[in-house]
Amino acid sequence: MTGNNVVLAVALLVWGLLFYYLLRLEGRIRKLEK
Amino acid sequence: MILRGILLLWIAAGIILAFTWAPLVPVLQETTRVLYFHIPSAWVTVLALGWSMVASVLYLYRRRLEYDDHAGTAAELGLLFCIGATVSGSLWAKAMWGSYWNWDPRETSIFFLLLVYVAYLALRGAIDEPRRRARLAAIYSVAAFVAVPFLMFVVPRLYDTLHPDPIINPRGKVDMDNRIRMVFTGMLLGFTGLFYWMLNLRVRVLRIERRREDQGRPMEVAGA
Amino acid sequence: MSASRSARAIWAILRKECRSEWRTRYGLNAALLFALTSLTAVSFAAGRLGDRSDLLAAFLWIVLLFASLASLSHTFVREVEGQTLPMLRRVASPTEIVAGKLLFNLLFLVVIELLTIPLFLLLMAAPAPQWGAFLGVLGLGSLALALASTLIGALIAQTRGRGALFAGVSFPLLLPVLAAAVNGTRAQWQNLPVASELRLLAAYGAALLAVSVLLVDHLWEE
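I will try to describe carefully the structure that is included in this document. (Residues numbered from 1 in each chain as written. Chains lettered and ligands numbered in written order. Predicted model: local features only at pLDDT ≥ 70, side-chain atom pairs only at ≥ 80, totals over all residues. Heavy atoms only, no water.)

### Observations regarding the overall build of chain B
Across its full length, chain B carries 7 helices and 0 strands. Taking contacts inside chain B between residues at least 6 apart in sequence as the whole, the part at least 24 apart equals 73%. Total accessible area on chain B is roughly 10,800 Å²; 66% of this is exposed by carbon and sulfur atoms. (Helix = DSSP H or I, 4+ residues; strand = E, 2+ residues; numbered from the N terminus. Contact = heavy atoms within 4.5 Å. Areas by Shrake-Rupley, 256 points an atom, 1.4 Å probe, with all protein chains shown as cover.)

Quick look at the structure:
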């Protein structure tokens, strides 16, 4: 479990969370646009 | 939908490759990885500023509030990415050269951009009426446009003479290896796509809010 | 609108500003207060800096900067608080209004400088300046300060914010002036050429002037 891999995992996690948040936001916006 | 999926995988791939496949730059060692986030952040900062300024000018010409939505949103996003670039740069400086802040020309430039963003957003925050806010913010945007070249290029150069930069900027060596260049370019594109998506989302929210206010039923989009 | 009519309008506005300012002297008091306070603080804390031309230059312009931030927005704030702007706008064009107030701000700065700079040079035991270069940097720097401050003052007067917002919003625009002016002032004390700083200040001032001229008609609408 090298330091490199830890940072990699954190980075992917952060990106995943951000993407998920944006995707949900987009879903809500689309509903409101209908 | 497909585009979102592509963006997800694109950036994820970039992150993975940045940590595994791309080689290290000899001078930078492990800190090489930072440049895949730090420089794209700085790039988006500048892109956002340009977008905001163009939108401001378009507003002054066409007077459609949508242009001001773009101007304000791009500035908010620009501030976020600017903070990201500044913080990542500072951490990188600490790892590389032992101190968080040196007023090195590039650090100074990004700090000035931060000031411009904060000032612009503060000005916007102090005006309630949408059309006046759009107009005055646009005027400031144009004024900032002439100040930025002086801030970014001239002022840092002035202080070169006072505080000669003893630190070798490794930037010249970085883009030589092909793999590095590929991941780097990939991340640049990825960050640009991310910026565009976030901008698009926020502008659509503002459009909805305005439509609802016109219809007499103001409502906030939760989480926006 | 003929040129002489405009010139007369600008002159009239300038005189009006002078009279308004002289009646209450709020701006003058604020500027002098800030200038003298910061000068006292610097002198008290740092003492005589005859051999440190870099610090001298920096402190000089910081004092001027503080004085400007405290007072140069008053020309517009006065109009807003007295609610005289609509009337002014009926008799003069935006260009004339801004030109008049710009000239006033410039004159105001000159007065402040006449009062503060000799005091500064004395208190800080500064070496004798090379008057040509020194006044050149001072003049072009003051012009750029006045240009930026007048434009931003016009913006801020239409917002909810006041002094603090004026300081924060004008700061990025004032930084290039500060940098070039400090450099130039330091250079003249070190017997170095100031040509490039003068060029920079002139270029920046011209750029600000161009922006103001282009956008002045958008300042007040509705």
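### A look at the interface of chain B and chain C
It is common to give the size of an interface as the accessible area lost on bringing the parts into contact. With 32 residues of chain B at the contact, the number on the chain C side is 33 residues. Summing both partners gives a buried area of about 2,800 Å² for chain B against chain C, and 72% of it is carried by carbon and sulfur. Note that B:Arg135 is salt-bridged to C:Glu221, the shortest N-O span being 3.9 Å. Along the contact surface separating chain B from chain C lie 9 residue pairs in polar contact (both at pLDDT 80 or more). At the level of elements, α4 (105-125) and α5 (130-162) of chain B are the ones that each hand at least two residues to the side of chain B that touches chain C. Considering each element in turn, the side of chain B that touches chain C owes the most residues, 19 residues, to α5(B). (Buried area = accessible area lost by both parts, 1.4 Å probe. Salt bridge = Lys/Arg side-chain N within 4 Å of Asp/Glu carboxyl O. Polar contact = N/O pair within 3.5 Å; in protein donor to acceptor, adjacent residues only side chain to side chain.)

### Structural notes on the interface of chain B and chain A
Contacts between the two partners involve 27 residues from chain B and, on the opposite side, 18 residues from chain A. A salt bridge links B:Arg4 to A:Glu26; its shortest N-O distance comes to 2.8 Å. Run the count over chain B and chain A and you get 7 residue pairs in polar contact (both at pLDDT 80 or more). Breaking the side of chain B that touches chain A down by element, the ones donating at least two residues are α1 (2-19) and α7 (178-214) of chain B. Among the residues forming the side of chain B that touches chain A, the class breakdown is 18 nonpolar, 3 polar and 6 charged. (Nonpolar A, V, L, I, M, F, W, Y, C, P; charged D, E, K, R; others polar.)

### Some thoughts on the packing of aromatic side chains
Going through the model one piece at a time under the given rule, you end up with 15 aromatic pairs over all chains. Relative to B:Trp197, the ring of A:Phe19 has its centre 5.4 Å away and its plane inclined at 50°; by these criteria the two rings are tilted. Residue A:Phe19 is found in helix α1 (residues 3-33), and its partner B:Trp197 is found in helix α7; the two belong to separate chains. As far as burial versus exposure is concerned, A:Phe19 and B:Trp197 are alike and both buried. Aromatic pair B:Phe81 and B:Phe191: ring centres 6.1 Å apart, planes at 65°, arrangement edge-to-face. Of this pair, B:Phe81 sits in helix α3 (residues 65-97) while B:Phe191 sits in helix α7, and the two are 110 residues apart along the sequence. Side by side, B:Phe81 and B:Phe191 carry an identical accessibility label, which is buried. Among the aromatic residues, those joined into a cluster by ring pairs are B:Trp101, B:Trp103, B:Phe111 and B:Phe112. Over the ring of C:Phe76 we find C:Lys101; its NZ or CZ atom is 5.2 Å from the centre of that ring. (Phe/Tyr/Trp six-rings, centres within 6.5 Å; stacked < 30°, edge-to-face > 60°. Buried < 20%, exposed > 50% of the residue type's maximum accessible area, 1.4 Å probe, protein only. Lys NZ or Arg CZ within 6 Å of the ring centre and 35° of its normal.)

### Details of unusual backbone geometry
Its identity as a non-glycine residue notwithstanding, B:Arg63 has a phi of 60°, on the positive side. Inspection of the secondary structure puts B:Arg63 in the loop between α2 (35-62) and α3.

### Remarks on the arrangement of the chains
Summarising the chain contacts, 2 pairs of chains touch, and the pair with the most contacts is chains B and C. Chain A shows no contact with chain C. Their nearest C-alpha atoms sit 32 Å apart.

### Brief notes about the side chain of C:Ser68
Here C:Ser68 shows up in helix α3 (residues 53-71). Here C:Leu64 takes part through its backbone oxygen, which lies 2.8 Å from a polar atom of the side chain of C:Ser68.

### Some remarks on the packing of α2(B) against α7(B)
Residue and element names in this part refer to chain B. It is the contact of α2 with α7, at a shortest axis distance of 9 Å, that shows an interaxial angle of 40°. Relative to α7, the element α2 is oriented oblique. Where α2 crosses over α7, the handedness of that crossing is right-handed. Contact residues: Leu-35, Tyr-36, Phe-37, Ile-39, Pro-40, Ser-41, Trp-43, Val-44, Leu-47, Ala-48 and Trp-51 in α2; Ile-180, Val-183, Phe-184, Met-187, Leu-188, Phe-191, Thr-192, Phe-195, Tyr-196 and Leu-199 in α7. Split into classes, the residues belonging to the contact of α2 with α7 amount to 19 nonpolar, 2 polar and no charged. (Axes fitted to C-alpha atoms, helices over the stretch in contact; angles between N-to-C directions. Parallel < 35°, antiparallel > 145°, perpendicular 65-115°, else oblique. Left-handed = near helix turned anticlockwise from the far one by under 90°.)

### Notes on the pattern of salt bridges
Taken as a whole and assessed by the stated rule, the structure comprises 18 salt bridges over all chains. In this structure, C:Glu221 and B:Arg63 form a salt bridge, with 3.0 Å as the shortest nitrogen-oxygen distance. Here C:Glu221, found in the segment after α9 (195-219), pairs with B:Arg63, found in the loop between α2 and α3, and the two come from separate chains. Assessed through its relative accessible area of 30%, B:Arg63 is described here as partly exposed. In this structure, C:Glu79 engages C:Lys16 in a salt bridge whose closest nitrogen and oxygen atoms are separated by 2.8 Å. Of the two residues, C:Glu79 sits in helix α4 (residues 74-82) while C:Lys16 sits in helix α1 (residues 3-24), which places them 63 residues apart along the sequence. Residue class for C:Lys16 comes out partly exposed when judged on its relative accessible area of 27%. Ionic contacts of the salt-bridge type, sharing partners, join the residues C:Lys16, C:Glu17, C:Glu21, C:Arg78, C:Glu79 and C:Lys101 into one network.

### Remarks on the nonpolar core
In this structure, B:Tyr36, B:Tyr140 and C:Trp61 are the most contacted members of the largest nonpolar core, which totals 153 residues. Top contributing element to this core by residue count: α5(B), with 16 residues. Discounting residues that sit within four places of it in the chain, B:Tyr36 has contacts with B:Ala18, B:Ala22, B:Pro23, B:Ile180, B:Val183, B:Phe184, B:Met187 and B:Phe191. (Core = buried A, V, L, I, M, F, W, Y, C linked by side-chain atoms within 4.5 Å.)

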